[in-house]
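Architecture and fold: a report
Letter by letter, the chains look like this.
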Amino acid sequence: MKWTNKGHELDELGAKYIKIKDLYIWGAGRFGRKMLRFLRWLNLSDDFCIKFIDSNVSLQNKIVDNVLIVSPACFLDTFNPETDVLDISSEGLYFELEKIYSEKFPASFFISYAEHKPDHDFLRMFVCVYLMYKHGKLLSAHSNYIITTICNLNCDGCLNFNQYIKHPADESFESFKRHTDIVFSKFDYLASFHFSGGEVMLHRELPKFLKYISETYGDRIFELFFVTNGTVIPDSELLALMQRTNCGVLLDDYRQSVPKSVDTFPKVKALFDEYGIEYRIAKADYWYELGITDSVDNGRDLTEEELIRHKSECGVHYFQDFFDGKIFGCCYIGYVNDMYPNKAAIYTPEANDYIEIAATPKMEILEYRAGYTQKGYFELCRHCNEMHGKTSKRIPVAQQRSKART
């Protein structure tokens, strides 16, 4: 999306959202109840009449977490697209419901997590836009920090482009502190914050990083976690700190392609269970081959309109990279840029590719997070296969190159 009225691009949507009175959450299970906790954490639950929808007959008309559970039929009888909004936590369920109910309600009123329809995303669009226009608060739905580019694996198709990094290194605590303080000078809340790499647990000062952000800004972060590849056994000091700071984990399961993971993965998982650390296992069926090379001369010859459509279809602009007081509009711009010695140095960012958090007004940050940019696309789009569009390509997960890093 191209900026044409900077600072006011979301006014129409904001005006619509602040009129919402009834909020429905589809599913009274783990994900639905987590969303309810999140809305209460933001002090938004009193702004709406909240109800769960569940197709499980045994749950209907019962109260869970002080919220009534209604049937899908009851929802359909009472739902008003002018004053009501629906959160669907499952992407698969989103498409199923859209197919069933699209004749009764315009698809735009089904707000969901679906990556393929990011403008319908409940958290990234509805909650973030509502919170700003109703309460003047800036929320980040997804925030990250690459704590190290050092990794003990050497995967083909690594989406952090580690195979192209000539000088992998740990980030310093001073750089992280400076960056984090800038982030919280503008953002009132972070729905999630995660450390990633490289391999996070190879950073020797990880406990120091975790302790700082938890003690300094923990009351403004709903979910704090890091991503690990399941091949590094955490020590007792880190586990105890994770337990104390309520830090969760996204645990990659690479056992089908990484031999060492067959032995280490269950040990890592058992330790998280022992310490009561919340984790989610990530086992992908495939990765994406983005096709980004170190040559800037072989990009696709696309018109401005085609590039804007290319970026829009990709949808990955919601996965932005937070680093060095900046937000890179696409996370891969952050990973492959040549601004820092420990990055892949494939691409030279331009002014359109990122914003300086400290110098950007909150409303413009919200718009940038929603996908607005000066051009409506990034130059990197010329070199990228995209993820969810016609040119996307899939490859096997975590296949190891001939020589792994140690």
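Scroll up to find the structure this text is about.
Description of the structure in this document.

What counts, and where the lines are drawn
Residues numbered from 1 in each chain as written. Predicted model: local features only at pLDDT ≥ 70, side-chain atom pairs only at ≥ 80, totals over all residues. Heavy atoms only, no water. Helix = DSSP H or I, 4+ residues; strand = E, 2+ residues; numbered from the N terminus. Polar contact = N/O pair within 3.5 Å; in protein donor to acceptor, adjacent residues only side chain to side chain. Contact = heavy atoms within 4.5 Å. Buried < 20%, exposed > 50% of the residue type's maximum accessible area, 1.4 Å probe, protein only. Arc of directions from axis to C-beta. Lys, Arg positive; Asp, Glu negative; His and termini not counted. Salt bridge = Lys/Arg side-chain N within 4 Å of Asp/Glu carboxyl O. 1 Å grid on protein atoms, 1.4 Å probe; cavity = no way out; pocket = protein on both sides within 12 Å on 5 of 7 lines; lining within 4 Å. Points joined across faces, edges and corners; volume = space filled by probe spheres on them. Nonpolar A, V, L, I, M, F, W, Y, C, P; charged D, E, K, R; others polar.

Turning next to the side chain of N385. Mapped onto the secondary structure, N385 falls in the loop between α12 (362-369) and β17 (394-395). Here the side chain of N385 touches E289 through a polar contact of 2.8 Å, landing on its backbone oxygen. Excluding residues that lie within four positions of it along the chain, N385 makes contacts with E289, L290, G291, R300, H310, T391, S392 and K393.

Taken as a whole, helix α8 (residues 236-245) has its buried residues at L238, L239, L241, M242 and T245. For α8, the buried positions fall inside an angular range of 165 degrees around the axis, keeping them on one side. Across from the buried face of α8, at angles greater than 90 degrees, the exposed residues are E237 and R244. The inward-facing, buried residues of α8 abut α7 (206-217), β10 (221-228), β11 (248-252) and α9 (259-274). Where α8 begins, the side chain of D235 points an oxygen toward the backbone nitrogen of E237, at a separation of 3.2 Å. N246 lies just past α8 and shows a positive phi near 55 degrees.

Here the focus is the side chain of D84. Its place among the elements puts D84 in strand β5 (residues 84-88). Of the buried charged residues, D84 lacks a salt bridge, with K51 as the closest side chain of opposite charge at 8.2 Å. A distance of 2.7 Å separates the side chain of D84 from the backbone nitrogen of N80, its partner in a polar contact. A polar contact is formed between the side chain of D84 and the side chain of T83, at a distance of 3.1 Å.

We now examine empty space enclosed by the protein. Within this structure, the stated rule accounts for four cavities of 30 Å³ or more. In this model, the second largest cavity occupies a volume close to 120 Å³. If you go around the second largest cavity, you meet 12 residues; those closest to its centre are R124, C128, A141, R369 and A370. Among the elements of the structure, α5 (122-135), β7 (139-140) and α12 are those that each provide at least two residues to the lining of the second largest cavity. The biggest single contributor to the lining of the second largest cavity is α5, with three residues. Split into classes, the residues belonging to the lining of the second largest cavity amount to eight nonpolar, two polar and two charged.

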